[in-house]
Structure formats: C-alpha cells, structure tokens
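What follows is each chain in one-letter form.
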Amino acid sequence: MPSKIIPPAPADAALRRAAKPTIVYPASTMPRPDMAVLESARHTMVKIHEVVVPPRNARAFRVSRGQLFRIVSIEGPQVGDLNLWNADDLSERFFSGKTRALHATHVGAGDRLWSSMPYLRPMVTISHDTLSWYGWDSDGAGIHDVIGTRCDPYTNLLLSGTGYDFCCHSNLSRALAAELKVEPCGVEHHIHDVLNVFMCTGFTKDTHQYFMKASPVRPGDFIEFFAEINLLGALSACPGGDCSATHSSDVAACYPLKIEIFEPDRTTLGTWTWPSPSEYHRRHGTPA
Ligand SMILES: [Zn+2]
C-alpha cells in the first residue's frame with residue numbers, strides 16, 4: 001500500500017469523533033410487509049417450474065407477480081449472483097445500493113429488494129431463508145450481501161491484465177442475451193449490481209476492506225422470494241464457487257444452483273398491498 005500523508009488531528013478531534021450515529025433509514029419508517037399473509041401463501045404453494053443453472057454459467061427465468069421462487073443449493077456450496085428486472089420494462093431493475101441503505105449490508109427474511117429510481121418500490125420480499133441462523137459471525141460477516149457488485153472481466157483485466165469470460169457479469173449478459181435473442185454486448189448495460197446469494201462477506205476491522213469467506217450454504221439450503229411485480233430474473237453460479245478463496249477463474253470447485261418457481265393459492269393474498277411505482281412528481285425543483 002502506498003503510504004498516505006495524514007494531517008495532524010484538530011484539537012477537538014475526540015469531540016468530533018464522539019458524535020452519535022443515527023440510523024439513516026430507521027426500519028420503523030418503512031411500510032412493513034405482512035409476513036403472516038406470505039406465510040399462509042407459502043403453505044399453499046405448488047411448484048410449477050424449475051431451472052438448473054450450470055456452474056460458471058447463468059440462466060434467465062420469469063416469475064409472475066404473486067408467485068414465489070427459491071434459489072436452492074444443490075450438490076455443493078455455491079454462491080449465486082442475482083439480477084432482477086421488471087419483466088415489462090427493463091429500465092426498472094434491482095437497486096442494490098438503496099436496498100443496502102434501507103435494510104443493511106446483508107438481507108434476509110422480511111427484507112425487500114427495491115427497484116431503481118424513478119420507480120423505487122419492492123420488487124420482491126424475502127419470504128424465507130434457511131441460513132437465517134447464521135446472523136453475524138465474529139469476523140462481522142453475514143450472508144446474502146448487497147455490498148459487492150459482481151465479478152467482471154473489466155476489473156480482471158485492470159488488475160491482472162488477463163481476461164476471463166465466465167465471470168458473473170459475462171454469465172448474466174449471456175443469459176439475458178439468450179432470453180432476449182440478441183448478442184451479449186447489446187444487453188450488458190442492463191446487467192446491474194447483484195444480490196450475492198449465499199455469499200459470506202464483511203469488511204475487515206482494521207482496514208475496512210471487503211472480504212469473503214467460505215459460504216456456509218449446504219445442499220438443501222434455499223432463499224425464497226415473493227414476487228411483488230412481474231419479474232425477469234437472471235442468476236449466475238459464480239466462478240468463485242463457495243467464494244472461500246478465489247473468483248474470476250477456473251480454479252474454485254463450482255456447483256449448479258436450482259431456481260424453483262411456485263404458484264400459491266391466490267385467495268391467500270387477498271389483503272396484500274401491491275406496490276406501485278413511486279408517486280414523486282419528478283419535477284426536481286423546476287416549476288410545475
Ligand atoms: Zn461472481
């Protein structure tokens with residue numbers, strides 16, 4: 001690391017550092033999903049479709065509003081990179097940064113994945129997570145992060161001087177391109193920061209650097225989502241495998257992931273409040 005020039009601290013440095021933290025978006029100010037409704041829907045749901053995502057590859061899938069879907073670990077520990085779009089308008093897509101600000105660095109049951117501006121509404125609510133027991137470990141790590149972006153060939157080239165074609169960014173580009181029947185380079189601008197499903201990450205305590213460690217996921221584990229709008233999704237089985245040591249290469253042991261889609265008894269959702277796009281007027285301070 002290059003040495004940094006650190007200016008002398010001001011006389012009131014301790015006082016300035018002692019300012020009390022304030023939660024930017026307290027959970028109490030957000031509309032809460034009715035988890036009892038989702039729980040009753042879950043108990044009626046029937047699997048209608050499944051898609052297996054091969055290792056170091058991705059697949060697209062569609063889920064209708066009101067359906068649920070699971071990302072399931074099969075065969076071995078494997079991290080997945082998830083993108084979500086409004087199936088009817090790809091300009092509305094998962095907004096990792098705002099989801100992080102509204103919830104936390106890692107998400108779990110009861111949290112929602114929010115869409116980009118100017119829509120800013122829940123795309124899904126996480127209805128179940130078999131890894132919720134993990135919590136925060138002694139390294140400060142948690143599961144299912146909305147910190148990382150996705151492994152990609154551009155950063156690889158920047159840092160190592162070599163290209164790698166099966167990073168999550170490229171996998172997701174190929175999967176979306178196949179779904180839309182176009183070339184990957186024509187849709188890669190739709191690929192966005194991901195939910196890192198099953199990934200175990202945190203920030204080092206001394207240097208606050210992003211770290212990963214072996215995912216605790218095991219075959220049979222799943223995270224489950226309730227679709228609040230019609231969704232087009234894409235999931236990449238990351239070339240990092242369980243992300244214990246490496247990514248962006250063919251070195252790590254990689255396993256497939258399974259996407260399962262479920263239809264619930266719709267009468268159980270009778271009282272559900274479906275999200276509309278934000279009602280902000282979008283004048284941004286200009287005269288009406
Ligand atoms: Zn990846």
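Provided above is the structure to which this section pertains.
Residues numbered from 1 in each chain as written. Predicted model: local features only at pLDDT ≥ 70, side-chain atom pairs only at ≥ 80, totals over all residues. Heavy atoms only, no water.

S.K.: In this structure, what is going on with the overall build of the chain? I would like to understand it.
M.R.: When you go through the chain residue by residue, the secondary structure sums to 5 helices and 13 strands. Relative to the 2.2 N^0.38 estimate, which gives 19 Å for 288 residues, the radius of gyration of the chain is 20 Å and therefore close to what a compact globule would have. The C-alpha extent of the chain, read off along each of the three principal axes, is 65 × 50 × 45 Å. Considering the chain as a whole, with its 288 residues, one finds that 50% of them fall into the buried category. A separation threshold of at least 6 residues defines the contact pool for the chain, and within that pool the share at least 24 residues apart is 77%. Counting only carbon and sulfur atoms, one obtains 57% of the accessible surface of the chain, whose full area is about 14500 Å². Of note, the chain has its 27 positive side-chain charges centred 5 Å away from the centre of its 30 negative side-chain charges. (Helix = DSSP H or I, 4+ residues; strand = E, 2+ residues; numbered from the N terminus. Rg over C-alpha atoms; globule rule 2.2 N^0.38 Å. Buried < 20%, exposed > 50% of the residue type's maximum accessible area, 1.4 Å probe, protein only. Contact = heavy atoms within 4.5 Å. Areas by Shrake-Rupley, 256 points an atom, 1.4 Å probe, with all protein chains shown as cover. Lys, Arg positive; Asp, Glu negative; His and termini not counted. Charge placed at Lys NZ, Arg CZ, Asp CG, Glu CD.)

S.K.: Help me out: how do you make sense of the coordination of the zinc ion in this one?
M.R.: When four donors bind a metal tetrahedrally, each ideal donor-metal-donor angle is 109.5 degrees, and when six bind octahedrally, the ideal angles are 90 or 180 degrees. Only Cys151 (SG), Cys168 (SG) and Cys238 (SG) from the protein reach the zinc ion as donors, at distances of 2.2 to 2.3 Å. In the primary structure, the donors to the zinc ion are separated according to the pattern C-x16-C-x69-C. With a gap of 17 residues between them, cysteine 151 in the loop between β8 (142–145) and α4 (153–160) and cysteine 168 in helix α5 (residues 168–180) connect regions that are remote in the sequence. For cysteine 168, a relative accessible area of 0% translates into the label buried. (Donors = N, O, S within 2.8 Å, 3.2 Å for Na, K, Ca; no water.)

S.K.: Mind showing me how you'd approach the packing of aromatic side chains here?
M.R.: For any pair of aromatic rings, the description rests on two quantities: the centre-to-centre distance and the angle between the ring planes. If you walk through the whole model with that rule in mind, you get 7 aromatic pairs. When the ring of phenylalanine 69 is compared with that of phenylalanine 225, the centres are 4.8 Å apart and the planes differ by 20 degrees; the resulting orientation is stacked. Here the residue phenylalanine 69 occupies a position in strand β3 (residues 68–73), and phenylalanine 225 occupies one in strand β11 (residues 222–227), the gap between them amounting to 156 residues. Side by side, phenylalanine 69 and phenylalanine 225 carry an identical accessibility label, which is buried. Aromatic rings pair up to connect Phe61, Phe69 and Phe225 into one cluster. Geometry around phenylalanine 222 places arginine 70 over its ring, the cationic atom sitting 3.9 Å from the centre. (Phe/Tyr/Trp six-rings, centres within 6.5 Å; stacked < 30°, edge-to-face > 60°. Lys NZ or Arg CZ within 6 Å of the ring centre and 35° of its normal.)

S.K.: What exactly am I supposed to notice about the pattern of salt bridges here?
M.R.: One side chain can pair with another of opposite charge once the charged atoms of both are near each other. All chains considered together, the criterion is met by 15 salt bridges. We note a salt bridge from arginine 42 to glutamate 39, for which the minimum N-O separation is 3.1 Å. Taken as a pair, arginine 42 and glutamate 39 lie in helix α2 (residues 35–42) at a separation of 3 residues, close to a single helical turn. By relative accessible area, which is 14% here, arginine 42 ends up buried. Salt-bridge contacts for glutamate 260 lead to lysine 258; the nearest nitrogen and oxygen are separated by 3.7 Å. In this structure, glutamate 260 and lysine 258 share a single accessibility class: buried. (Salt bridge = Lys/Arg side-chain N within 4 Å of Asp/Glu carboxyl O.)

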